[in-house]
Protein chains: 2
Amino acid sequence: MATHVETPAPSASRPDEGAPAPAPAGVAPFDVAEMTAALDGRWAQVRRDVRAQLPLEAELIASADDLTRAEYRERVKDVLLELAATGQTGLGFPTSHGGGGDVGASIAAFETLAMGDLSLMVKAGVQFGLFGGAVLQLGTKAHHDAYLRDIVEGRLLGCFAMTETGHGSNVQALGTTATYDPATDEIVVHTPEASATKDYIGNAAAHGTMAAVFAQLVVDGEEHGVHAVLVPIRVDGEPAPGVTLTDDGPKLGLNGVDNGRIAFDQVRVPRGNLLDRFAEITDEGRYTSTIANPNRRFFTMLGTLVQGRVSVGGAGVSAAKAALTIAVRYGDHRRQFDTGDGEEQVLLDYGMHQRRLLPRVARTYALSAAQEVLVERLHEVSTARNGGSGTEVDDHAQRELESRAAGTKALATWLATDVIQECREACGGAGYLAENRFAALKADTDVFTTFEGDNHVLLQLVAKGLLTDYASSFEDLDQFGLVRMVTGLAVETVVEKTGAHALLERVRDLLPGGDDWSSEARIADPEYHLAMYRFREEHLVSGVARRLKRGIDRGEKAGAVFSRVQAHVIAAARAHVERLVLEAFVAKVRAQPAGPVRDALAALCDLHALAGIESDRAWFLEHGRLTVARSKAITREVETLCARLRPVAVDLVDAFAVPREVLRAEALLG
Amino acid sequence: MATHVETPAPSASRPDEGAPAPAPAGVAPFDVAEMTAALDGRWAQVRRDVRAQLPLEAELIASADDLTRAEYRERVKDVLLELAATGQTGLGFPTSHGGGGDVGASIAAFETLAMGDLSLMVKAGVQFGLFGGAVLQLGTKAHHDAYLRDIVEGRLLGCFAMTETGHGSNVQALGTTATYDPATDEIVVHTPEASATKDYIGNAAAHGTMAAVFAQLVVDGEEHGVHAVLVPIRVDGEPAPGVTLTDDGPKLGLNGVDNGRIAFDQVRVPRGNLLDRFAEITDEGRYTSTIANPNRRFFTMLGTLVQGRVSVGGAGVSAAKAALTIAVRYGDHRRQFDTGDGEEQVLLDYGMHQRRLLPRVARTYALSAAQEVLVERLHEVSTARNGGSGTEVDDHAQRELESRAAGTKALATWLATDVIQECREACGGAGYLAENRFAALKADTDVFTTFEGDNHVLLQLVAKGLLTDYASSFEDLDQFGLVRMVTGLAVETVVEKTGAHALLERVRDLLPGGDDWSSEARIADPEYHLAMYRFREEHLVSGVARRLKRGIDRGEKAGAVFSRVQAHVIAAARAHVERLVLEAFVAKVRAQPAGPVRDALAALCDLHALAGIESDRAWFLEHGRLTVARSKAITREVETLCARLRPVAVDLVDAFAVPREVLRAEALLG
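None of the values given here were measured: they were computed from a predicted structure.

Caption draft 1: Region of the structure containing the overall build of chain A. Within chain A one finds 25 helices and 15 strands. Split into buried and exposed, the 670 residues of chain A put 66% on the buried side. Of the contacts made within chain A by residues no fewer than 6 positions apart, 76% connect residues no fewer than 24 positions apart. Here chain A displays about 21100 Å² of accessible surface, and carbon together with sulfur accounts for 53% of that area.

Pasting the structure below:
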């Protein structure tokens with residue numbers, strides 16, 4: 001993964017005869033509380049409130065090791081209901097229905113919740129984010145009045161029934177049908193074949209009593225695409241008539257969440273159960289929608305659910321913070337091997353150990369900043385949407401938001417997988433004991449790269465937005481739309497349509513090229529870092545456009561063209577998101593008042609930016625944007641920055657403010 | 001990790017205007033049984049015998065999801081005893097004591113066992129490899145006669161009590177003491193402080209009745225370094241007097257193994273319990289040893305236990321094979337997204353999916369070949385050792401074996417972590433369900449990178465051997481020995497001492513340098529690949545020597561010098577092991593009779609070699625051994641090889657011959 005911080009290559013690239021750098025001046029100490037405030041940002045109070053609650057989860061986290069799956073599920077449900085009582089889980093719902101009316105706050109709360117038990121966090125996401133979100137975003141007043149308050153207060157537990165055994169990423173091809181029967185004015189929900197069974201559905205195996213079911217809506221014999229219908233699935237704890245519920249059984253992690261399968265045998269619900277914000281069936285039994293294009297309608301509906309992806313990305317960053325807190329603190333007091341003067345050396349004083357942990361600390365700060373920007377955008381767009389305006393500008397902002405959410409989710413969840421693994425290994429055998437938290441962190445976060453959208457598929461969605469500059473709506477997520485899109489256009493037209501194209505001019509202004517590229521003086525200049533990231537993005541994105549165009553002009557099949565270009569498509573999308581992350585971090589640093597906190601953030605930002613260039617330096621060398629000397633200088637600078645940050649390493653992770661109680665790992669924290 | 005197969009960078013490095021490669025000719029179909037025979041090698045019959053037994057484990061693997069930890073531990077113990085009855089676990093012990101007298105066969109059996117339940121495999125490793133191995137290798141006839149048969153047949157279950165809470169990697173600094181008391185002719189085993197408690201010890205929490213305890217031996221007030229003493233730890237199921245046994249509790253994985261802690265309070269055992277092959281306490285109560293140097297004595301003792309590392313590396317390769325079998329077969333039938341002509345496309349027909357899986361298949365074949373060579377060497381050395389000869393030649397061979405075992409273990413276990421993770425993600429949500437095996441594979445193998453030696457520490461051991469060309473014995477594993485070693489030597493002397501130095505001449509013969517480096521004609525030539533790997537190794541190893549020397553000459557402290565050079569030390573060691581792996585794979589291909597199996601292996605070998613160069617191409621570009629054009633050509637060749645191997649992908653994993661019953665994942669296998 002690109003999130004992986006390479007260690008061997010860098011050292012390999014040191015010039016053999018270059019004099020080793022003298023011991024560099026360490027980054028100045030800073031006030032940890034001040035750094036925490038900088039990280040907390042706009043919704044600091046909510047984050048503090050949730051952190052204050054987290055110690056209550058310590059007992060749940062510890063007991064999870066010994067409970068049976070059934071017992072663990074019940075405990076998680078009980079704590080979820082206690083949580084609902086605090087109001088923290090309803091922040092995103094309208095005040096008119098018992099909510100807090102603050103979307104940004106709800107994400108901030110959810111992100112912080114992710115420092116605690118992740119089964120609880122995911123079950124909360126299923127109940128309040130996915131199920132509640134579907135009713136809120138896809139339903140209308142009648143549904144809101146009937147269900148929202150019960151959902152917010154936990155009296156009505158529900159499922160988000162989208163994924164099927166046969167279809168995960170390609171949601172438009174779902175097999176479940178919802179057929180309107182004018183004779184009884186009902187909608188008949190049905191599972192036509194085994195592969196259309198709803199699968200991996202949270203709250204399905206034990207606790208859900210209702211499900212928002214995504215199905216192909218058929219009215220008067222005509223298919224209108226995927227819509228959501230509310231279907232009761234349990235009555236008095238028993239499966240509703242015609243509903244078959246099965247347990248997905250034990251999972252790699254998140255065993256406190258009752259994932260299961262749902263199959264429907266001609267289940268009838270009133271017409272009013274159709275969530276009809278974007279399309280309805282009239283009293284006369286006719287289908288009408290404010291959005292004519294079926295694909296566009298579908299993606300407009302999905303778009304309102306973007307919150308889920310924003311939440312998962314934020315949860316990934318929080319999990320990485322927990323892992324780094326344990327590993328860095330352990331490395332600061334664990335000693336191993338005599339340094340030759342009779343005392344064993346602390347792990348974090350070894351160059352390799354610094355290399356393993358500090359660039360990951362920097363990257364976690366970077367994704368934290370990117371996530372903060374994402375939540376701001378989500379908050380703005382949601383507030384505007386719920387304000388009701390629907391202009392083209394909003395559409396464009398909505399699509400940019402969806403793209404940013406998809407890309408940040410992919411990078412943040414890959415970060416979590418990578419960071420937690422490296423931290424576990426950096427704690428050796430102790431890291432393998434459940435009492436030291438890594439077991440749960442690893443197992444529970446592992447599926448983050450898959451759910452709420454497979455990361456590779458999400459990056460393809462990002463690429464599509466780049467190639468169209470968000471001009472066309474997200475009609476068909478189907479990546480072959482990428483290929484068809486370029487049909488009939490001239491290459492330059494395609495390139496000009498890309499959102500990244502505009503970057504090139506800005507880059508050229510900054511980087512005259514030639515020898516200046518190798519000027520040591522600018523190696524720690526954020527403008528230099530940004531220029532490198534922007535150049536790579538523009539080059540990769542226009543390269544994809546050219547390749548697609550070439551394949552089409554040759555008359556090759558879309559499938560063949562896409563398959564060959566796919567890895568490049570994903571690299572281009574990744575380069576785009578990396579640029580957004582760096583821009584967010586640079587802006588975060590600049591927004592800080594001058595002082596030790598800002599200086600530490602600036603050093604972290606340099607480390608993140610340069611480690612990113614270093615890990616992809618082959619590409620920059622191949623594309624004439626790094627000289628060999630400069631490439632080696634960047635590696636030396638990365639090592640210097642690791643050494644400079646080492647003295648404040650513990651403060652940097654303490655600033656994440658992960659409550660000790662949820663970290664467990666007493667012996668490792670020191 | 002170096003084992004990580006990069007995906008984004010390669011695609012990023014395609015020349016924008018380069019014409020895409022035409023659909024390449026696929027690799028010819030081959031006979032799967034023939035490929036399996038090629039993989040099985042010398043000990044094929046043993047591997048077949050164990051595979052035939054594996055289906056009996058299917059029930060254990062499946063039931064593990066639902067058993068409590070206590071029940072699971074009991075089940076694993078019961079199956080272990082059944083296994084002992086088959087004789088498969090005693091193959092490495094002398095026939096005189098109920099064994100099979102065939103070390104190579106015992107490793108082959110253990111490797112194959114790793115396709116099944118890994119708790120069972122690890123418990124078998126603890127009992128027969130570690131505990132049994134210590135009695136066999138460190139004990140003498142009296143110990144063999146008294147215990148070996150009971151160990152082989154499972155009547156005496158024991159522990160290998162080396163690691164302590166405070167000391168893992170640095171074994172020489174263990175705190176446990178074994179003091180000889182002439183008054184009673186006993187040895188007093190004691191835990192002087194909490195950090196000296198034996199920790200993570202398999203068989204300690206529940207089933208072990210005896211332990212081989214590694215402790216600082218004190219005779220007549222003099223410390224003689226770490227020695228092993230047999231100490232009964234349980235009597236009739238209860239802790240022996242003075243012995244405190246505690247449970248390590250739940251772990252990330254391997255919960256069928258009863259890991260625990262052991263503390264001793266002045267526990268007395270007869271003098272005869274000292275495992276005295278290399279050192280004894282005479283009837284007169286004097287300490288004598290055939291090896292004068294205490295460090296050398298210690299590493300000679302450790303060296304006899306190299307089998308454990310060989311076994312773990314082999315287990316990592318087997319686990320990777322199991323994961324790839326599931327993911328490749330799933331990718332061959334799972335469809336997602338319409339290709340534009342009304343049918344969804346199979347995952348493995350996507351370029352990105354091929355990129356994610358096929359280089360990992362190739363690398364797994366490569367490490368399989370390297371492991372095969374390692375087992376051959378172990379078999380030869382062990383057989384020679386048990387033949388009793390102790391010449392200098394043997395010492396050199398022993399050290400090369402230890403180095404090869406350490407390096408192969410590191411790469412093979414990192415391969416397992418990387419491959420299993422990627423395969424889980426490639427199977428999406430289905431990969432997250434325990435019924436599909438990845439949960440256990442991921443959790444159980446996670447500690448492989450840590451136990452039997454932390455991978456980073458092991459690579460430092462490899463580097464030490466390289467820098468001394470195995471000339472000095474492995475006196476002090478302590479990496480600062482690396483630094484002290486070069487004191488007083490001239491740089492060139494240091495460089496000439498390196499084992500890698502000789503490589504350079506061979507490389508120069510093969511590679512005249514200059515433009516020839518970029519000749520397309522040789523891109524798929526194994527000699528070219530080997531030359532590149534050898535050049536990198538020599539360059540990095542001599543670079544380390546120069547850096548160490550420079551630091552010492554400046555009069556810097558050993559700790560400071562080592563810390564700065566550490567990442568380079570590890571990169572050099574990794575380059576060395578990568579070269580050994582490639583040489584083993586190339587030799588394996590050349591040993592095959594001409595035909596489809598050899599052709600497929602040759603394509604896999606090219607893919608492995610070129611993917612390795614590609615992932616480190618920045619280094620080769622920086623060191624003038626790749627032109628930009630050649631670098632991009634290598635990326636294209638890697639993609640072409642993936643496409644050529646795709647038609648036989650399923651056959652390639654079927655040839656691993658992992659029994660379906662232990663893979664579970666029926667729905668995914670197709």
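Caption draft 2: Here's a closer look at the packing of aromatic side chains. Residue and element names in this part refer to chain A. The full count for this structure, using the stated rule, is 14 aromatic pairs over all chains. Put simply, the rings of Phe-535, Trp-619 and Phe-620 pair up and form one aromatic cluster. Lying across the ring of Tyr-533, Arg-536 places its NZ or CZ 5.0 Å from the centre.

Caption draft 3: Spatial organisation of the UniProt feature "domain: Acyl-CoA oxidase/dehydrogenase middle" (unreviewed entry) in chain A. Here, the residues flagged by UniProt with the feature "domain: Acyl-CoA oxidase/dehydrogenase middle" (unreviewed entry) are residues 159–267 of chain A. For residues 159–267 of chain A, the helix share is 0%, the strand share is 49%, and the end-to-end C-alpha distance is 16 Å.

Caption draft 4: Geometry of the layout of surface pockets. Its volume calculated, the second largest pocket comes out at about 1300 Å³. In terms of lining, the second largest pocket is formed by 47 residues, of which the most central are Asp-65, Lys-251 and Asn-255 of chain A together with Asp-65 and Asn-255 of chain B. If you list the elements that add at least two residues to the lining of the second largest pocket, you get helix 5 (69–86) and helix 13 (438–445) of chain A together with helix 5 (69–86) and helix 13 (438–445) of chain B. When grouped by side-chain class, the residues that make up the lining of the second largest pocket number 23 nonpolar, six polar and 18 charged.

Caption draft 5: Representation of the side chain of Arg-329 of chain A. Inspection of the secondary structure assignment puts Arg-329 of chain A in helix 10 (residues 307–333). Residue classification places Arg-329 of chain A among the buried positions, given a relative accessible area of 18%.

Caption draft 6: Quick look at the confidence of the model for chain A. Residue and element names in this part refer to chain A. Of the residues in chain A, 87% reach a pLDDT of 70 or more, and the chain-wide mean stands at 89. The low-confidence segment residues 1–21, where pLDDT is below 50, has 74 contacts with residues more than four positions distant or belonging to other chains. Reported confidences for the modelled complex are a pTM of 0.92 and an ipTM of 0.91.

Caption draft 7: Geometry of helix 8 (residues 141–152) of chain A. Residue and element names in this part refer to chain A. The first and last C-alpha atoms of helix 8 sit 16 Å apart over twelve residues, in line with the 16 Å expected at 1.5 Å per residue. The complete set of buried residues in helix 8 reads His-143, His-144, Tyr-147, Leu-148, Ile-151 and Val-152. The arc enclosing the buried residues of helix 8, seen along the axis, measures out at 125°, which places them on a common side. Just downstream of helix 8, Gly-154 is the residue with a positive phi angle, here 80°.

Caption draft 8: Representation of the packing of helix 14 (residues 455–468) of chain A against helix 19 (residues 558–591) of chain A. Residues and elements named next belong to chain A. The contact between helix 14 and helix 19 brings their axes to 8 Å, and the two run at 80°. Between helix 14 and helix 19, the angle is such that the two are roughly perpendicular. Every residue of helix 19 that contacts helix 14 at His-456, Leu-459, Gln-460, Val-462, Ala-463 and Leu-466 is listed here: Phe-562, Gln-566, Val-569, Ile-570, Ala-572, Ala-573, Arg-574, His-576 and Val-577. Class assignment of the residues belonging to the contact of helix 14 with helix 19 gives a composition of ten nonpolar, four polar and one charged.

Caption draft 9: Spotlight on the environment of His-227 of chain A. All names here are of chain A. Structurally, His-227 is set in strand 6 (residues 222–232). Note: C-alpha distance between His-227 and Phe-214 (13 residues apart in sequence) is 5.4 Å. What His-227 contacts, discounting residues up to four positions off in sequence, is Val-213, Phe-214, Ala-215, Leu-217, Leu-274, Ala-279, Tyr-287, Arg-297 and Met-301. A distance of 2.7 Å separates the side chain of His-227 from the side chain of Tyr-287, its partner in a polar contact.

Caption draft 10: Up close: the environment of Gly-129 of chain B. Following the sequence through the fold, Gly-129 of chain B ends up in helix 7 (residues 118–138). Filtering out sequence-adjacent residues up to four positions away, Gly-129 of chain B remains in contact with Ala-124 and Ala-134 of chain B.

Caption draft 11: Structural context of the sheet that holds strand 4 (residues 198–201) of chain B. All names here are of chain B. Taken in spatial order, the three strands of this open sheet run 4-10-9, and their pairing is antiparallel. Every other strand in the sheet has two partners, leaving strand 4 and strand 9 (243–247) as the edge strands with one partner each. If you compare each strand with its neighbour and ignore which way they point, the axes differ by 20° on average. Pairing of strand 4 with strand 10 (residues 260–264), which is carried by two bridges, proceeds in the antiparallel orientation. Across the sheet, the residue bridging to Ile-201 is Gly-260, located in strand 10.

Caption draft 12: Main features of the environment of Val-381 of chain B. Residue and element names in this part refer to chain B. Mapped onto the elements of the fold, Val-381 is located in helix 11 (residues 351–387). On the basis of relative accessibility, which here comes to 14%, the residue Val-381 falls in the buried class. Sequence separation between Val-381 and Ile-634 is 253 residues, and the spatial gap between their C-alpha atoms is 39 Å. Setting aside chain neighbours within four positions, we find Val-381 in contact with Ala-397, Gln-398 and Leu-401.

Caption draft 13: Inspection of the pattern of salt bridges at higher detail. Scanning the entire structure with this criterion turns up 86 salt bridges over all chains. A salt bridge links Glu-186 of chain A to Arg-268 of chain A; the shortest N-O distance between them is 2.9 Å. With a gap of 82 residues between them, Glu-186 of chain A in strand 3 (residues 186–190) and Arg-268 of chain A in strand 11 (residues 267–270) connect regions that are remote in the sequence. For Arg-268 of chain A, a relative accessible area of 42% corresponds to the partly exposed category. The partner of Glu-583 of chain B in a salt bridge is Arg-534 of chain B, and the shortest N-O contact between them spans 2.8 Å. With a gap of 49 residues between them, Glu-583 of chain B in helix 19 (residues 558–591) and Arg-534 of chain B in helix 18 (residues 526–553) connect regions that are remote in the sequence. A residue is classified by how much of its surface remains accessible, and Glu-583 of chain B, at 22% relative accessible area, is partly exposed.

Caption draft 14: Seen up close, the sheet that holds strand 9 (residues 243–247) of chain A. Residues and elements named next belong to chain A. Strand order in the open sheet formed by three strands is 4-10-9, and the pairing between neighbours is antiparallel. A single partner strand is all that each edge strand has here, and the edge strands are strand 4 (198–201) and strand 9. Averaged over all neighbouring strand pairs, the angle between strand axes comes to 20°, with direction disregarded.

Caption draft 15: Layout of the packing of helix 18 (residues 526–553) of chain A against helix 19 of chain A. Residue and element names in this part refer to chain A. Packing of helix 18 against helix 19 leaves a shortest axis separation of 9 Å and a crossing angle of 160°. In terms of orientation, helix 18 lies roughly antiparallel with respect to helix 19. As for how helix 18 packs across helix 19, the hand of that crossing is left-handed. Broken down by class, the residue content of the contact of helix 18 with helix 19 amounts to 16 nonpolar, five polar and ten charged.

Caption draft 16: Expanded view of helix 14 of chain A. All names here are of chain A. For helix 14, which comprises 14 residues, the first-to-last C-alpha distance of 20 Å matches the rise-based estimate of 20 Å (1.5 Å per residue) to within 8%. Burial analysis of helix 14 places 14 of its 14 residues in the buried class, the great majority of the element. One side-chain oxygen at the N-terminal end of helix 14 lies 2.9 Å from the backbone nitrogen of His-456; it belongs to Asp-454.

Caption draft 17: Examining the pairing of strand 11 (residues 267–270) of chain B more closely. Residue and element names in this part refer to chain B. Side-chain alternation along strand 11 places Val-267 and Val-269 on a buried face and Arg-268 and Pro-270 on a face that remains uncovered. Where strand 3 (residues 186–190) lies against strand 11, four bridges are found, and the strand directions are antiparallel. Of the residues in strand 11, the one forming a bridge with Glu-186 is Pro-270.

Caption draft 18: The arrangement of unusual backbone geometry in detail. Residue and element names in this part refer to chain A. A positive phi is found at Asn-203, a non-glycine position, where the angle reads about 75°. Looking at the element boundaries, Asn-203 is found in the loop between strand 4 and strand 5 (210–219). Here Arg-437, not a glycine, exhibits a phi torsion of approximately 80°, which is positive. You can see Arg-437 is positioned in the loop between helix 12 (392–426) and helix 13. On the basis of relative accessibility, which here comes to 2%, the residue Arg-437 falls in the buried class.

Caption draft 19: View of the nonpolar core. Ranked by internal contacts, the top residues of the largest apolar core, which has 387 residues, are Met-35 and Tyr-365 of chain A together with Met-35 and Tyr-365 of chain B. Those residues in contact with Met-35 of chain A that lie beyond four places of it in its chain are Phe-30, Tyr-365, Val-597, Ala-600, Leu-601, Leu-652 and Ala-655 of chain A.

Criteria and thresholds
Residues numbered from 1 in each chain as written. Chains lettered and ligands numbered in written order. Predicted model: local features only at pLDDT ≥ 70, side-chain atom pairs only at ≥ 80, totals over all residues. Heavy atoms only, no water. Helix = DSSP H or I, 4+ residues; strand = E, 2+ residues; numbered from the N terminus. Buried < 20%, exposed > 50% of the residue type's maximum accessible area, 1.4 Å probe, protein only. Contact = heavy atoms within 4.5 Å. Areas by Shrake-Rupley, 256 points an atom, 1.4 Å probe, with all protein chains shown as cover. Phe/Tyr/Trp six-rings, centres within 6.5 Å; stacked < 30°, edge-to-face > 60°. Lys NZ or Arg CZ within 6 Å of the ring centre and 35° of its normal. UniProt positions renumbered as here; feature names shortened; annotations may be inferred. 1 Å grid on protein atoms, 1.4 Å probe; cavity = no way out; pocket = protein on both sides within 12 Å on 5 of 7 lines; lining within 4 Å. Points joined across faces, edges and corners; volume = space filled by probe spheres on them. Nonpolar A, V, L, I, M, F, W, Y, C, P; charged D, E, K, R; others polar. pLDDT = per-residue confidence, 0-100. Expected span 1.5 Å × (residues − 1). Arc of directions from axis to C-beta. Axes fitted to C-alpha atoms, helices over the stretch in contact; angles between N-to-C directions. Parallel < 35°, antiparallel > 145°, perpendicular 65-115°, else oblique. Polar contact = N/O pair within 3.5 Å; in protein donor to acceptor, adjacent residues only side chain to side chain. Pairing = 2+ DSSP bridges. Salt bridge = Lys/Arg side-chain N within 4 Å of Asp/Glu carboxyl O. Left-handed = near helix turned anticlockwise from the far one by under 90°. Core = buried A, V, L, I, M, F, W, Y, C linked by side-chain atoms within 4.5 Å.

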